[in-house]
Amino acid sequence: MFMHNKKLMYTVRVSEPNPVLASLMLEQFGGPQGELAAAMRYFTQGLADEDPGRKDLLIDIATEELSHLEIIGSIVAMLTKGAKGKLAEGAESTADLYANITQGSGSHTLSLLYGGGPALVNSAGQLWTGGYIDSIGEPTADLRSNVAAEARAKIIYERLINVTDDPGVKDALGFLMTREIAHQKSFEKALYAIDNNFPPGKLPGKPEYTDKYYNTSQGEGDMRGPWNQGAQWEFVDVKMGDAPVNGGDGNPTVKLAASELAAVNAVAARTMSKPDSDPLTGADLGAGPGAGKTKSTT
């Protein structure tokens, strides 16, 4: 059961309308790192989680994210309030009104398509999509993803803080940014409250490969660090022409029935290229190298 308190979770005071800033704020309304995506990610995870503690955590944070969505939406609505009224009532000359709603970014789209209200799009006008939700149904994987999602959202809030001088907006964004930090802490604590949290899932890795670091990109810039050296690692330089790590010749094989093999061979014979041929093509007639040169067809 959901109930709504008409008071915002955090009091917001916007100094003056700014349609361009409103368009940027949409990144946290309908963007991939935004509050709706976060709410849906944690809400759906919480519904499926069998652990009562994690379920409670996920639903609590999902509900808080909806309150953050309300804060961002309210900021967008206040930042566009002046343009919204002028656009609806034709209160300015055509030239002045046009200049007001096309100051930059997607402010004109926000004004014309959505009447100045918050829209479920990102700052570039891309529609919100459920594809932003990357849950996979394994708590040890989803909690790691949640920590990363909160980190990305914090960075977006930092960038939004850097593009506005409005003290009230900065204050509200600072609150939202700080809550991302708190959520990261909660998710990380929940992750490490699971004894067997690494590697994610049930199956262990193959021991002969788990501790190997394959240096497959070699040359200037090669570096060593805790990610590829120390007691946990065996460092392996992979050279051109090396055999596959599991032996063999590196060629894929499949066993086919006689009828399947005959069909495959028939297709290969019918579609075989002739490397010694040099047919006249459109490239020879003016579309590429050699254009304009006469070519013998005999």
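Conventions used here
- Residues numbered from 1 in each chain as written.
- Predicted model: local features only at pLDDT ≥ 70, side-chain atom pairs only at ≥ 80, totals over all residues.
- Heavy atoms only, no water.
- Axes fitted to C-alpha atoms, helices over the stretch in contact; angles between N-to-C directions.
- Helix = DSSP H or I, 4+ residues; strand = E, 2+ residues; numbered from the N terminus.
- Parallel < 35°, antiparallel > 145°, perpendicular 65-115°, else oblique.
- Left-handed = near helix turned anticlockwise from the far one by under 90°.
- Contact = heavy atoms within 4.5 Å.
- Nonpolar A, V, L, I, M, F, W, Y, C, P; charged D, E, K, R; others polar.
- Phe/Tyr/Trp six-rings, centres within 6.5 Å; stacked < 30°, edge-to-face > 60°.
- Buried < 20%, exposed > 50% of the residue type's maximum accessible area, 1.4 Å probe, protein only.
- Lys NZ or Arg CZ within 6 Å of the ring centre and 35° of its normal.
- UniProt positions renumbered as here; feature names shortened; annotations may be inferred.
- Core = buried A, V, L, I, M, F, W, Y, C linked by side-chain atoms within 4.5 Å.
- Patch = residues over 30% accessible without salt bridge, like charges linked within 9 Å, V, L, I, M, F, W, Y side chains within 5 Å.
- Areas by Shrake-Rupley, 256 points an atom, 1.4 Å probe, with all protein chains shown as cover.
- Salt bridge = Lys/Arg side-chain N within 4 Å of Asp/Glu carboxyl O.

A. Structural view of the packing of helix 4 (residues 52-79) against helix 9 (residues 167-192). Here helix 4 crosses helix 9 at 165°, and the two axes come no closer than 11 Å. With respect to their mutual orientation, helix 4 and helix 9 come out roughly antiparallel. In terms of crossing hand, the pair formed by helix 4 and helix 9 is left-handed. When helix 4 is examined against helix 9, the residues L57, L58, I61, E64, E65, H68, I71, I72 and I75 are found in contact with a partner set consisting of V169, A172, L173, F175, L176, R179, E180, H183, S186, F187 and A190. For the contact of helix 4 with helix 9, the class distribution of residues is 13 nonpolar, three polar and four charged.

B. Structural detail: the packing of aromatic side chains. All chains considered together, the criterion is met by six aromatic pairs. Here W128 and Y132 contribute two aromatic rings whose centre-to-centre distance is 6.1 Å and whose plane-to-plane angle is 85°, an arrangement assigned as edge-to-face. Assessed through its relative accessible area of 16%, Y132 is described here as buried. Look at Y213 and F235: their rings are 5.7 Å apart centre to centre, the planes differ by 10°, and that puts the pair in the stacked class. Of this pair, Y213 sits in strand 1 (residues 212-215) while F235 is found in strand 2 (residues 234-237), placing the two residues 22 residues apart along the sequence. Ring pairs connect the aromatic residues Y213, W233 and F235, which therefore count as one cluster. Between the NZ or CZ atom of R224 and the centre of the ring of F235, over which it lies, the distance is 3.6 Å.

C. Focus on the UniProt feature "binding site: Mn(2+)" (unreviewed entry) in the chain. Cross-referencing UniProt, the feature "binding site: Mn(2+)" (unreviewed entry) maps to E35, E65, H68, E150 and H183 in the present numbering. Spanning 149 residues, the named residues nonetheless gather at one spot, since no C-alpha pair among them exceeds 13.0 Å. Secondary-structure assignment places H68 in helix 4. Once you skip the residues sitting within four places of it in the chain, H68 turns out to touch M9, E35, F175, L176, R179 and H183. Mapped onto the elements of the fold, E150 is located in helix 8 (residues 139-162). Judged by relative accessible area, which is 1%, E150 ranks as buried. Aside from chain neighbours lying at most four places away, what touches E150 is Y42, E65, R179, E180, H183, Q184 and F187.

D. Inspection of the nonpolar core at higher detail. The biggest cluster of nonpolar side chains holds 25 residues, and the ones touching the most others in it are M25, I72, I75, Y157, L173 and L176. Breaking this core down by element, the ones donating at least two residues are helix 1 (19-25), helix 4, helix 8 and helix 9. Look past the residues within four positions of I72 in its chain and what remains in contact with it is M25, Q28, F29, E35, Y157, L173 and L176.

E. Local environment of the UniProt feature "binding site: Ca(2+)" (unreviewed entry) in the chain. Mapped onto this numbering, the UniProt entry gives "binding site: Ca(2+)" (unreviewed entry) at D56, D60, N215, S217 and G219. Residue placement: N215 occurs in strand 1. Classification of N215 as buried rests on a relative accessible area of 7%. N215 has contacts with D222, F235, V236, D237 and V238, leaving out every residue within four places of it along the chain. Since its relative accessible area comes to 43%, G219 is described here as partly exposed.

F. Up close: a nonpolar patch on the surface. Residues V254, L256, L261 and V264 make up a contiguous nonpolar surface patch of roughly 350 Å² in combined accessible area. Tracing the backbone through its elements, the reader meets V264 in helix 11 (residues 258-270). Exposure remark for V264: the relative accessible area of 45% places this residue in the partly exposed category.

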